Structures are given as structure tokens and as C-alpha cells.
Amino acid sequence: MQNVIRCKIFISWAVLAFLGLAATQSYVEGNGGYQNITSVVPKFKPWREWSSWSQCDVSCGGVGMQERVRKCRNRQDKSSKCFGREIIESRPCGDAPCGTNTVSCDTVGTVTDSLNIPLEGVEICLGSIKVQKCITITHTNEEGFFSVEGICADSEYAHLLARKNKYVTTRIRLKVNETGRAFATVKLLELVKPTIYYHPESKSRMIGQSVKFCCKARGSTKDHLFTWYHNGNVVDANLYSRDPGTLEIRTLRLDDAGEYWCKVSSKISFAKTTGMSQTAVLSVFESEENACNKKPGVKLIRLPDDCSMASSSVVHRNNKTYIDVGMCSSVKCPAKYADISEGCGETVADISCCGPSERKEINLNCRDFVLPIYKTTKCGCQECVKPVIKVRGRAYGNDPITDPLRYGYVERSGKRIGRTSYDGGFTVDVPHGSKRLVLTFIDRFGKLMTTTKVVSFKEDGGVTFHDIKMPQKSPEKSFGSQESSVTSLNGVRGQNSVAQIVTAPNGFVRKDGKPYTGKVRASVTFIDPRNESSYQESPTDLAFIDDNGESLPLQTYGMFEMDFRDDDLNELNVANAKIVLDQNQMVSTSHARKLKLWSLNPENGMWEEEENFKEMEIEDEQVQPGPKRKKREAPTTFFVGNLEVRERRLYNLDVPVENRCWLKVRAYRSPDFDPNEQVEGVDIVAINMEPKGGFRGNPSAWGRFDSTLTSKYGACVRVFCHEDKPDVYKAIVTATLDSSEELYAAPSGHPVNPKVVGVQGDILRALDYRRSDHSLATGKKTSFQINLPKPRPEVNYTGPIYPEENYAECVRAPVTDNHFRFYRTEDFLYEYNTVYMDEHNCITWTPHYLNWWPKPLEYRACYIKVHVSGLSTVIRAKSMGGTHPETRGKLYGIRDDRSVLAQRLEGPFIGDSAACIEFKCSGKLYDMEEPDRTLVSVIPQGECQLHRMNGQLSQYLTEHPPAVEGESASEFRMYAPPDPLGHNYGIYTVTDDDPLIAKKTALGRCYAGSSDTTSRIMHARKGVAIYYWCTDRNGEIELP
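Quick look at the structure, then. (Residues numbered from 1 in each chain as written. Predicted model: local features only at pLDDT ≥ 70, side-chain atom pairs only at ≥ 80, totals over all residues. Heavy atoms only, no water.)

**Looking at the sheet that holds strand β25 (residues 320-324)**
Adjacent strands of a sheet form backbone hydrogen bonds with each other and so pair up, either parallel or antiparallel.
Point 1. Taken together, the three strands give an open sheet; going across it, the order is β23-β25-β24, and neighbouring strands pair in antiparallel fashion. For this open sheet the edge positions go to β23 (300-302) and β24 (314-317), each flanked by a neighbour on one side alone. Here the average twist between neighbouring strands, direction ignored, is 35°.
Point 2. Pairing between β24 and β25: four bridges, direction antiparallel. Bridge pairing in β25 places V314 opposite I323. (Pairing = 2+ DSSP bridges. Helix = DSSP H or I, 4+ residues; strand = E, 2+ residues; numbered from the N terminus. Axes fitted to C-alpha atoms, helices over the stretch in contact; angles between N-to-C directions.)

Next comes the structure, spelled out in C-alpha cells:
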């Protein structure tokens, strides 16, 4: 009996599915009984059949290539998927030897960049871009020329590629000349990392709804690879739509909630480049009630000083009285109609916000009046107020008044969007959902250096002010293009140069790539970090994107802009130059060896690596000595890098730094540091100083700076730190409101008081906290300096410094945790509104007849100027409903402010003072129907008597009844003018998209006594509405 040999083959179901096959089981009768066998039958095949091989592009010589392709069927039900990435296969062909009678085949060509400058060392290879395979044949020479044998002229499109590092790989398209020779002119585009310009937006949904997130990127190529992440894990690619930058999730579950972001990378394998989007938060709720808690949270507002009597509903803290008015959580409710067929963004009609749905009126008995208070008792989902996001400011050179950027160009992400005004002012609308704003300012007259800034803004809505300081361009120097030129990079008089730029003879070319011969006009502007104040001129936020898409900080050793022009002021490019860095200028040898040359990408404000430096020994005669450089007999160690000046003109000498932390800072309304009176929108700047030792000539140089705006949770600003030695890194921290008001830092004292600074004693001693006036009593009080030790992971640490990975803990830290403090010094002002609204967050606006701001997104601020002769006193203004039936006799709000003493040079009365008091403007209420003439009462709180009224204001009020008289000799009353009158009447009115900006502008005009200009100095006798005499208790006018 013949033996039967049995072989068992195990094939997994997954492998069968991969092969496009399905398995069925059957039984057959054989030796020894029934046997179980698996029969394989075809199922739906996602891949189509391979096409035929293309014709070989050469007939002999063995250097040809042919291809075949296959396509995916793309079934609409998406029940199957095409596995594997090979959609094109290629193989060599034409390997038959060429006979002696064969016509000679060869190809010649030239390769240039986008500016027609010849490129040396370009790799000419045989292959395919799609399959990313390439066989090197030759390289271009210094003139960009190449020659390839074996590529016949009868092939119009051979599979030749040109590739070079930092350039987009390009297929060479051949043409045939009259002699039958194939030739090509190739232009390589510079490789630009993919940049995400549209980020996914945070959204709220209910269970069972759908959601769509979108990422959009731009770069050198249109084809990008997108990867989506959910809470740090890669999302199943089956959820991607046909557009790979879009993520669609249907039938949402609770576990779909969390953080989403995308990563984009280039499909070009020769240059791995990535970009990471901002994080979007998806909230998934079972119902609207779960999204918006019906029970309001606690919101304490301060009451007037004459409402401090005991009551069960008030709270006393720091000699001030507060009451809880309730506040709803500022979250978005789930969209009512969530369809993924809609666009990426959401309109106001699609979403609703959590806000007050019920209020209760409380009447509080004060000293001379009854104070109405509307307390939120229930929250619910309602229509959202979509905020307007704007950035305003002024761009200037040395001084904002005498040296503004007049009619300069303003670009956003590389695209021109407008011009500055005559005084350098600008306004930029920020698209909703933006996470990063990059602005570039260009001087049309060429006196100021082109400056790119990453500017902060309020994502929740509002206007942010920024001062843009632009460096003056360095004076021009002239030399012949056939000469070698050396330019020193030095921004501190009396110090050695940080580096030198050496241009080679005949190294200049025109924009069209043709060599330039003639006179060169050169201006090289250097931002020197050894000058402590130069950080204000530094462009961007000194960050780069690594290969993982993370944004990481750099430490600078100087930035420079190069401007080369011919006699007709046409820009010139530099094809051959060197940058030479003297190692002796840097104490840290490790930094010197890590140093790289970077160029600025004006679209995203990120620095991109240009060149590494090579260590070389150079004789002193080869470089120009600095003012303190002594000639040495032995060669000096330098670091040398190549430099090509093309489209980008701004470069940086930077070192990536790994030791990174976060610093927690809060801003307060007064030195009481009341947690209920924190100030939002304050620009916190941390200037990271050079590591201990620093520059050999100046150990106090700065290395980078970071800035961020305070929110209701304070601010977390990035700093460098060191785990082993706390004094290796130091930082100077400042705080500024609206680019004009400098806040004071908490005093350091002798000794330092931890309760005042906000940091517990043992930590404070290690940080060596010192306010700027610590050693000099007459010094400024607007900054502090600290050491920056990195917290150890095993230590239970509650700030004020957090490791980089603990950013969320820094943001969410309670006010009782360690933090540094700033406070305002100019803010005596007290404001009370009957209907509470957070003016830093306009989405808290709610419709109510007594709302101080009747119309969202159009805020009108009104001020009246009051002159006081004698004592500086507190002036109160009450705004009541005047003519509207719903508000007549009801309180809109109260304002208290102290009159400000005039400057000595303004007039003979040294005792002059004035106050600018806000009142509620007249006009239509929230229903936009019948207007209300606000009844305004101005009452000094001291022994004062109304002396006289502005004549033009008196005439206007007479001509626009009803007229009203004050109830006492000290009270001034009027029905607020419905018209914006101006400084001739002593009434100042400004309308803006943001209430804080409207108030600031109107207040500045009131201080200046002008309808056009603003001032922070009180001009007490200009543009006054009413005049008071104030005396002491004996009836005498008191003069200081």
C-alpha cells in the first residue's frame, strides 16, 4: 500500500483577506476516512489588474526604465480596502548591447533654482517619483550642467529625475533639438516644509451625532500625508474622508470625546518634513443639560465702598465687600444640527452657548441709595455671541512719535493685507479659529528692517494691542562685485564681533540668475543679544518645527538681515558666501558645536535649518580683527558655514535647547492681590538670559524671549531651566497692558516676603527673587529676575516653575498655588454694572434692558471730563434709565474715580486736577427699538461745589430737552447727549468692536482733551465739561 504524505498548511484569515480571497470548508473522502480541507475561492478584489508594461525608453545600453500601474476599485460601501502602497511598479529595460552602427544616444541639460541661479551637485538619477526609487547616474557641475549617455533622443519623456537636498525632486522633461540631441532645462523649487494653515476647531456634540475635523496645509508639493491622533493614539485610517486632511466620525459615543490633532508630512522620502496642528477638543454629552450645568458657579463682584454694611449675602475680604452674582460656565453647547456634509467650521446658527436663563433681582441698602443687583439663578443653552478678534497696534523705529512706519506694508502669513497709517497704526482681523498669527511689516522707504512678528491675540474674542519695534537698517557700504568683502556682526560698541560674513569675488547674481559685475551697495543689520534691550526688536518667537512636528524653542546668538543691491537699487542674490563664528566669543563649547544657521519662513514665523557649521583653524589675517581682538601667532578656532542669499533675507545663529519649563504668573488690579480682581489681557514677557558664563564679553546677554497673555487663570510662559544647577539659567520677567501701561512686580524687600511675592519661602530662596529696584532704590519696579531650577519629577511641586510636560498642570493650577505677581498702579477706578458682563470675554453678554452694553459687537463708550480746583477728590457718576419705559429710574451702573493732578507746566494752579468719568451712552437698548436718554449724575465725594459748565455743552443741553437740575449744589445732572459731541463740549465718545478698546480710546482722548489724539498724562484744563471747587473742612481751598 502506497504511503500517503499529508502536508498541513495554515493560512490565516487575515492573510487571505489581504490576498483578496475568502476561505470555505468542505470534506472529501480519502484514505482513512473523511479529510477536512480548505478550499480558497475568490471574493471581491479591491485592486484592479496590472496594466501592461510601458514601452522601454531606450533601445539598448541597459539604462532604460518601464512601468506598469494598477488602480484601486474604491467601492463606495468601503467594505474593502486596498492594502499595500505599490500602485506603480518599475523595472530596468533595454539591456541589449548597442551595436557599432547604432546612433549615439546622450542627453545634456542645466539645473537652476527658482531664481535661475545654477545649482551645483544636483543628483541626476533614473527612477520614479511615485515609487520613490532612483538610480544615480551623474551630478551637475558648478555651472549646473550635466550630461547623460544612453538616453536617446527618440524618447521625449525619459524617467530622469533631478534631486538635491532642500529642493523638490523634479522629473526632467526632455526636448529634442535640430541635431536630434535630447536636452533639458530644469528648475528646482526650494523645498518648503508643509505648514498647517487651517487647524481643527473644538466642537461639542451629543451622543449619536456626527463630527468633522479638518486640517489644511501648504508647502512645496500639493500631495501631503495626514495622520490624525485622538488622545495621543493614531486614529483608524478608515475614518478619513476622501480628503485625507478631513476626519469624519459618525454616531458618536462618549469615549470619542477628548483631544484631536493632525500631523502632516511630505510624501517626498528624500526630505522628511512634518507639521503638527493645534489641539481641538471634542466634548460629547448625553444631553444639553449635561453640557450646561443649570446651577451657576460662584462669581464675586466688588460692591461700592458705601455698600459695606453687614448682610448675609455679602462677603468681606481685604477691607472690601463682595457679593455673589453667579456665573454660567463659558462652554459651547452641542450643535443642534451636526451633519458631516457641512463645511469644516461652524456658524453661530449651528451652536449655542451656556448662559443665564433666569435671574433674580436683589436690592441692597447702601448708605444713601438702594443698589439693585441681578443674580443669575439658572443656566441654559442659548444663542452665542460670536466674538470679533482683532489685533491693533503701531509699528515704528526708534520712537513711535517721531519715527513711525508710515504707509508700510503689512503681510499676514506671507500675503499682503494692507498698510499702516501715517502714524504707523494698523488693524488686522484675525480669522475665527486661528491659533497663530504671523505679521510682517515692510518699510517702503528702506530705512527700517523688514520685521516678522508672531503676535498674541484673544482667541475668545476682543482686541489686542501690540507695539512693533523695527530695527534701523545699518548704513550702506559699497564695494566692487569682483572684490572679497568682510562684514562684522556686532551690535555693541566696544565689543568683539560675534561673527563675520565673507563674500567671495564674483559671487553676486541678479534676480534672473545672470552674474552681476559692478558696484554693490550692502547693508547688513545685526540684532545683538548682548544688548539687553534688543529683544524688543527680535522677530518671531524663536521656534522651529522638528521632524516629529513639535514646535521647539531656540536660543539665539544673533540675528541678521542682509540687503545687497546694485546702483539702481535692484536686489542682488549671493551665490557664494561664508559666515565665520569665533569660538572665543562663546564660553559654552557645547553650544558652539551645536550652533546652526537658520532662516526665517515668513509664512509661519518658524525658523528653518539652513546650514551646519564646520570647525576650522583660520589665521587671523583671514578675518578682520574686532576692536578688542589682539593678533595671535597661533591659528584661531572658528566655525564656518556656507551662506546663500536668495529669497529669504533674515538669518539666525541659534542652538536648540532641551531644558524647558513653564513659569506661572498672574496679574492683579491692586497690590492687595485679591484673587477676585485678576487682570486679563496682560502681556507677560520672559527674557531668558544667556546660560551662566554667557558671552565672554558680556555675561548678561539674553538668549531668547517668550510672551503670552494672561487669562482668568493667569499665564504660563516658557523659560529655559536646569535640573542640577539652579543658577545656570536666569530670566527677567515684565508685564504690560495694552502696550503702554507697565505693571509693578511684587516687591522683593529685605528680606523677601513670601506672602507678598506669592511663592513659599524655601522655594523663593532657591529662585533668588529680586525686583528691578532691589539693589537700587531709585530703579524701576516693573520687572523681576529669578533663577530657573527645573523641578525634579519625584518632588510634589506646586509651582511656580513646571516641567515642560506639565503644561496642563501649570494652566489649571489654583490661585493658592505658588505663582509670581504683578499689579496695576494706576487703577483707582471702580466700576459697577447692574447686569454683570465680563468685558474680557464678550460671549458672556446677555440680552437685558439694563445691560450697560446694549448691542454686542458694537460697543460705545462715553466719558465726561470734570475739572477740580483744590483737593484731588473721588468723583462718582451714576447712570440711570432716563426716557425709556422699561428702564426709567432704574440703575445701569456706577463709576468712581479719583481726579488726577495736573502737570506743573500746564498752568499757574499747581492744585489743578481732573477726572474722566465714564457714563452709559444714550441710544437704543438691546431690542434695538426705542432709544433711551440716559440720566447721568456727577457727584464729587468731598466738600465740593459746582462752579460752572462748558458753554457749548450748556447750550446743547438747552436745545435738546429734557433739561434737568441737580438735587444739590454739588450735583451735576444731564440727559446724556445722543450725539458724539467731542472735546469742545467735554464729552468723549468712541465706538469699537471691543468694549475695553472703546473705553481705553475714549479715556485717552479725555486725558488729552482732544477728539483726535490720546494721552496717558492728564491735561486738566483742556476739553473740560464741568468745573468744581473743592475745599478742606475749614472751607479753604487746599493747594499742594
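**What about the pattern of salt bridges?**
Point 1. Counted by the stated rule, this structure contains 38 salt bridges.
Point 2. Note that K596 and E609 form a salt bridge whose closest N and O atoms lie 3.4 Å from each other. Linking K596 in strand β44 (residues 596-601) with E609 in strand β45 (residues 606-612), this pair joins segments that are 13 residues apart in sequence.
Point 3. Taking the shortest distance from any N to any O, the salt bridge between R973 and E967 comes out at 3.4 Å.
Point 4. On the accessibility criterion, R973 (17% relative accessible area) is buried. (Salt bridge = Lys/Arg side-chain N within 4 Å of Asp/Glu carboxyl O. Buried < 20%, exposed > 50% of the residue type's maximum accessible area, 1.4 Å probe, protein only.)

**Digging into the state of the cysteines**
Point 1. Enumeration over the complete set of coordinates arrives at ten disulfides.
Point 2. One disulfide in the model links C716 with C810; its S-S distance is 2.1 Å. For the disulfide bridge between C716 and C810, the dihedral angle about the S-S bond is near -110°, and by the sign convention the bridge is left-handed. Of this pair, C716 sits in strand β52 (residues 715-720) while C810 sits in helix α6 (residues 807-812); the two residues are 94 residues apart in sequence, bridging distant segments of the chain. Pair check on accessibility: C716 and C810 agree, each one buried.
Point 3. Shown here is the disulfide that connects C944 with C1030, its sulfur atoms set 2.0 Å apart. Between C944 and C1030 the sulfur-sulfur dihedral comes to about 110°; the bridge is accordingly right-handed. Placement of the pair is C944 in strand β69 (residues 943-949) and C1030 in strand β72 (residues 1026-1031), with a sequence separation of 86 residues. No difference in accessibility class separates C944 from C1030, as the two residues are buried. (Disulfide = S-S within 2.5 Å.)

**Structural notes on the sheet that holds strand β35 (residues 462-469)**
Point 1. Spatial strand order, β32-β29-β35: three strands in an open sheet with mixed pairing. Edge strands, defined here as strands with exactly one partner in the open sheet, are β32 (425-429) and β35. On average, each strand axis in the sheet is tilted by 20° relative to the strand beside it, whichever way the strands run.

**Let's talk about the environment of V580**
Point 1. Relative to the elements of secondary structure, V580 occurs in strand β43 (residues 573-582).
Point 2. Note on V580: relative accessible area 6%, which makes it buried.
Point 3. Along the primary structure V580 and K614 are separated by 34 residues, whereas in three dimensions their C-alpha atoms are 9.6 Å apart.

**Here we look at unusual backbone geometry**
Point 1. Between G799 and the following residue, P800, the backbone shows a cis peptide bond with an omega angle of 5°.
Point 2. Between P961 and P962 the backbone carries a cis peptide bond, its omega angle lying at 5°.
Point 3. Although it is not a glycine, L569 adopts a positive phi angle of roughly 65°.
Point 4. With respect to the helices and strands, L569 occurs in the loop between β42 (551-565) and β43.
Point 5. By relative accessible area, L569 is classed as partly exposed at 46%.
Point 6. Phi angles above zero are rare outside glycine, and M928 is one such case at about 60°.
Point 7. Among the structural elements, M928 can be located in the loop between β66 (923-924) and β67 (931-932).

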